[in-house]
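The primary structure of each chain is shown beneath.
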Amino acid sequence: MNKNINSITNLKERSQILNLQDKKKLEEAVIDVNGLTKRYKDFVALDNLNLQVNKGEIFGFLGHNGAGKTTTVNILTTLLSPTEGSARICGFDIGGNSIDVRKRIGYLPENVKFYENLTAYENLSFFAKLSGIQNPKVKIFEVLDYLEFRGFENKKMGEFSKGMKQRIGIAQAIMHEPEILFLDEPTSGLDPSGVKKLREVILNLNREKHITIFMNTHLLSEVARTCSTIGILSHGSLIYKDSLENTLNKFKDETTLEDIFLNIGNRSKK
Amino acid sequence: MTGKINTIAGHEFKTLFKEKTFVLILIIFILMTLFSTYIGWSSRTTVENVYQETVKKLIADGAAKQPADPFIGIPVLSIIKNMIVYVFLIGSLLAIIIGYNSFLRERQSGVSKIIFSKPLERKDFVLGKIAGILYPLLIITAISFLISLASVSLITGKMLPSPSIFKLVAFYLVSLIYMLMFAMTGLFFSIYLKSESMALLIPVIIWIFISFVLPELTSALNPNALLNPTNIQSATPHGQFLLAIQGALKPFSVSETYKLISGNLLELDSASSSLSIMKIFMNNLGSFVFIIFLLGFSVFGCFYAMIKFNACEEEIYE
């Protein structure tokens, strides 16, 4: 059943399969957000966000530009401190146990950047050592093999295309075998073949390495093809969260996920 | 040092090599060291030749008494006295660039988000950066020391005596501390300020103030002391007010402290050659402690700025 998931184009069929996989996994919230608020002077970027993401899920975090998705990821990856509220990642508080949190997460920022004058291997080696990996060389080649990206490790990052950089970005994020992978607009700027490859990588990481994926995106087509659960953020507040299967069942009259998104958005405005 | 501090330091050093910054600065320092020895040797030889010619002429003219050799009692280390000027003018400026560049690299490349998402303490990151700045400065001063030692020994035709070697070591250690102080200032502002141009401009303004303005206020009436280290402090013909200002600022004029200590260590006059290293430091203890204090203050500033640093500064409203 899993082997063919990438080729399934029917939304409902796909969501049923993904949901079935979810049920087999532990119902354990690896991301637990309580009343998270972030203010920049008068601007409220996040407003009392409450959110739980279970182990093994591929969570699609949807929202328009400026909704607060990146702020949420920045806080959950301990890069940013919240103004109010708390969050636990794999049971560890993002404020008090930030190092423990970082040991358990991988992070791919939007428009991932590297030291351009260093090779891919040198970049990965540096990040591997920072992640505390004992034998970086072995791990780097293992990950590059997994991502089918061997042969490029001695090229300078400055010579890489956007899609290639994303692969190295994924490599640095999964080298230390994290429990959760945070992806911030991972398909941004990629060409269709790059998007397809990245989608396969995300699904394989979830299926084979059992990594929980938290994916920020505003591309509904990506959510439909990849995610098992979706959450919609609007003006810093979570206005919807459910499994993809339930969402499709709830909004039977809508033909596409775009319609559902607009429907939910309109409801929240009312 | 922990593995992660070493990782940061090693990475820093490797990147310096890749960017050829280190190689360029090393070449500048080697040239400066060679030039200082050459200029010292050249001026000494010229004066010596003039003296010999004069003595010959006086003898030919039948003069009963000849003037004394001007270099009698002048220690040989003073040949490299120009190094003092090079370090406090050029070395400190290059150190600012090394320090400023150190964090700018992460800022410009945008990798700080990945770095700080790794299980790395920010204090370890700063310690790694400091070590990554210290290593190249240490290598540069060590090579400069070896060149000075070799060239002075070559010129004099014999190995320097041990006390002079120790003084030469002490001079390069003081120079290292002095340059490190500026490097840390550059690092601090590159972390603390968001504007790249301001992060470079402010340390350069500090450098100008320390290297030119403060000496103007404290030793302007003793012009030799501005560029050429000297121990001769002639009485100033000014009023008490200016004297009071000079007296008050003097201990804080770190470039003059550096020149004074370095001048004594390089035995610029016969009087300083008799001073031990300990005596030289004790004579300038207050001012030297102030240099150490400034170094400590700038290091503390780097830790403070790093704690405050926001790795997501470009996207706060997303």
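Further up the page is the structure itself.
Each value, and the rule that gives it
- Residues numbered from 1 in each chain as written.
- Chains lettered and ligands numbered in written order.
- Predicted model: local features only at pLDDT ≥ 70, side-chain atom pairs only at ≥ 80, totals over all residues.
- Heavy atoms only, no water.
- Helix = DSSP H or I, 4+ residues; strand = E, 2+ residues; numbered from the N terminus.
- Buried < 20%, exposed > 50% of the residue type's maximum accessible area, 1.4 Å probe, protein only.
- Polar contact = N/O pair within 3.5 Å; in protein donor to acceptor, adjacent residues only side chain to side chain.
- Contact = heavy atoms within 4.5 Å.
- 1 Å grid on protein atoms, 1.4 Å probe; cavity = no way out; pocket = protein on both sides within 12 Å on 5 of 7 lines; lining within 4 Å.
- Points joined across faces, edges and corners; volume = space filled by probe spheres on them.
- Nonpolar A, V, L, I, M, F, W, Y, C, P; charged D, E, K, R; others polar.
- Core = buried A, V, L, I, M, F, W, Y, C linked by side-chain atoms within 4.5 Å.
- Domains from an automatic or database assignment.
- Pairing = 2+ DSSP bridges.
- Axes fitted to C-alpha atoms, helices over the stretch in contact; angles between N-to-C directions.
- Buried area = accessible area lost by both parts, 1.4 Å probe.
- Salt bridge = Lys/Arg side-chain N within 4 Å of Asp/Glu carboxyl O.
- Expected span 1.5 Å × (residues − 1).
- Bend = angle between axes of the 7 residues up to and from the residue.
- Parallel < 35°, antiparallel > 145°, perpendicular 65-115°, else oblique.
- Left-handed = near helix turned anticlockwise from the far one by under 90°.
- Phe/Tyr/Trp six-rings, centres within 6.5 Å; stacked < 30°, edge-to-face > 60°.
- Lys NZ or Arg CZ within 6 Å of the ring centre and 35° of its normal.

Chemist: Talk me through the side chain of Glu122 of chain A; I want residue IDs and the actual numbers.
Modeler: One can find Glu122 of chain A in helix H4 (residues 120-130). The class for Glu122 of chain A is buried, based on a relative accessible area of 15%. Within the local environment of Glu122 of chain A, its side chain forms a polar contact with the backbone nitrogen of Thr119 of chain A, the two atoms lying 2.8 Å apart. Those residues in contact with Glu122 of chain A that lie beyond four places of it in its chain are Lys14 and Lys18 of chain B.

Chemist: Residues and numbers for the layout of surface pockets, please.
Modeler: If you add up the space inside the largest pocket, you get close to 460 Å³. Along its surface, the largest pocket is lined by 21 residues, and Thr78, Ser81 and Arg102 of chain A together with Arg122 and Ile307 of chain B are the ones closest to its centre. Those elements giving two or more residues to the lining of the largest pocket turn out to be strand S1 (29-40) and helix H3 (98-103) of chain A together with helix H13 (285-308) of chain B. Grouping the amino acids of the lining of the largest pocket by side-chain chemistry returns ten nonpolar, five polar and six charged.

Chemist: Can you break down the nonpolar core residue by residue, with the values?
Modeler: The biggest cluster of nonpolar side chains holds 163 residues, and the ones touching the most others in it are Ile31, Ile89, Phe127, Phe182 and Phe214 of chain A together with Ile115 of chain B. In terms of residue count, helix H6 (residues 162-192) of chain B provides more of this core than any other element does, 17 residues in total. Both domains that meet at this core, namely domain 1 (6-104 + 178-269) and domain 2 (112-176) of chain A, each give it at least three residues. Excluding residues within four positions of it along the chain, Ile89 of chain A makes contact with Val30, Ile31, Leu76, Ile94, Val101, Ile105, Ile180 and Phe182 of chain A.

Chemist: Could you give an account of the pairing of strand S10 (residues 237-243) of chain A, naming the residues involved and the relevant values?
Modeler: Residues and elements named next belong to chain A. Note that strand S9 (residues 229-234) and S10 share six bridges and pair antiparallel. Across the sheet, residue Gly231 finds its bridge partner in S10, namely Lys241. What sits between the antiparallel neighbours S9 and S10 is a turn of two residues, in which His235 has the positive phi angle 50°.

Chemist: Summarise the sheet that holds strand S5 (residues 92-93) of chain A; cite the residues concerned and give the values.
Modeler: Sheets are built from strands that pair by backbone hydrogen bonding, the pairs being arranged parallel or antiparallel. Residues and elements named next belong to chain A. Taken in spatial order, the four strands of this open sheet run S2-S1-S4-S5, and their pairing is antiparallel. The open sheet has two edge strands, strand S2 (43-54) and S5, and neither has a second partner. Sitting on the sheet, helix H2 (residues 69-76) touches S1, S2 and strand S4 (84-89), and the angle it makes with S1 is about 115°.

Chemist: Talk me through the environment of Phe166 of chain B; I want residue IDs and the actual numbers.
Modeler: Along the polypeptide, Phe166 of chain B turns up in helix H6. C-alpha separation for the pair Phe166 of chain B and Ile277 of chain B, spaced 111 residues apart in sequence, amounts to 8.1 Å.

Chemist: Please give an account of the interface of chain B and chain A that cites residues and values.
Modeler: Residue-level contacts link 29 residues of chain B with 34 residues of chain A. Between chain B and chain A, roughly 3000 Å² of surface is buried when both sides are summed, and carbon and sulfur atoms account for 64% of that area. Counting across the interface, chain B meets chain A through two salt bridges. Across the pair Lys18 of chain B and Glu122 of chain A runs a salt bridge whose closest N-O atoms are separated by 3.2 Å. Elements that contribute at least two residues to the side of chain B that touches chain A include exactly helix H1 (3-18), helix H3 (82-109) and helix H4 (112-115) of chain B. In terms of residue count, the dominant contributor to the side of chain B that touches chain A is H1 of chain B (seven residues).

Chemist: Got a sec to walk through H3 of chain B? Specific residues and values, please.
Modeler: Residues and elements named next belong to chain B. Compared with an ideal rise of 1.5 Å per residue, which puts 28 residues at 40 Å, H3 spans 39 Å between its outermost C-alpha atoms and is within 8% of the ideal. Remark: the principal bend of H3, roughly 35°, maps to Phe88. Most of H3 sits inside the fold, with 24 of its 28 residues counted as buried. Gly110 occupies a position one or two residues after H3 and carries a positive phi of about 80°.

Chemist: Describe the environment of Ser193 of chain A, listing the residues and the values that go with them.
Modeler: In this fold, Ser193 of chain A is placed in helix H7 (residues 192-208). Taking the C-alpha atoms as reference points, Ser193 of chain A and Gly163 of chain A, 30 residues apart in sequence, are found 9.0 Å from one another.

Chemist: Residue-level account of the packing of helix H6 (residues 162-174) of chain A against H7 of chain A, with values.
Modeler: Residue and element names in this part refer to chain A. H7 packs onto H6 with a crossing angle of 15° between their chain directions and a minimal axis gap of 11 Å. Overall, the two elements H6 and H7 adopt an arrangement that is roughly parallel. For the crossing formed where H6 meets H7, the hand is right-handed. Counted together, Gln166, Arg167, Ile170 and Ile174 of H6 and Lys197, Leu198, Val201 and Leu205 of H7 form the full contact between these two elements. Counted by class, the contact of H6 with H7 contains five nonpolar, one polar and two charged residues.

Chemist: Please give an account of the packing of aromatic side chains that cites residues and values.
Modeler: This model, assessed by the stated rule, comprises 29 aromatic pairs over all chains. Between Tyr38 of chain B and Trp41 of chain B the ring centres are 5.9 Å apart and the planes differ by 45°, which places this aromatic pair in the tilted class. Here the residue Tyr38 of chain B and the residue Trp41 of chain B both occupy positions in helix H2 (residues 21-60), the gap between them amounting to three residues, near one helical turn. Cluster of aromatic residues (ring-pair linked, three or more members): Phe59, Phe61, Phe182 and Phe214 of chain A. Note that Lys209 of chain A overlies the ring of Tyr146 of chain A, its terminal NZ or CZ placed 4.6 Å from the centroid.

Chemist: Can you break down the pattern of salt bridges residue by residue, with the values?
Modeler: Pairing is possible between side chains that carry opposite charge, provided their charged atoms lie close to one another. Residues and elements named next belong to chain A. For the coordinates displayed, the defined rule picks out 21 salt bridges over all chains. In this structure, Glu179 and Arg104 form a salt bridge, with 4.0 Å as the shortest nitrogen-oxygen distance. Of this pair, Glu179 sits in the loop between H6 and strand S7 (180-184) while Arg104 sits in the loop between H3 and strand S6 (105-108); the two residues are 75 residues apart in sequence, bridging distant segments of the chain. Residue class for Glu179 comes out partly exposed when judged on its relative accessible area of 36%. Overall, the relative accessible area of 21% leaves Arg104 in the partly exposed class.

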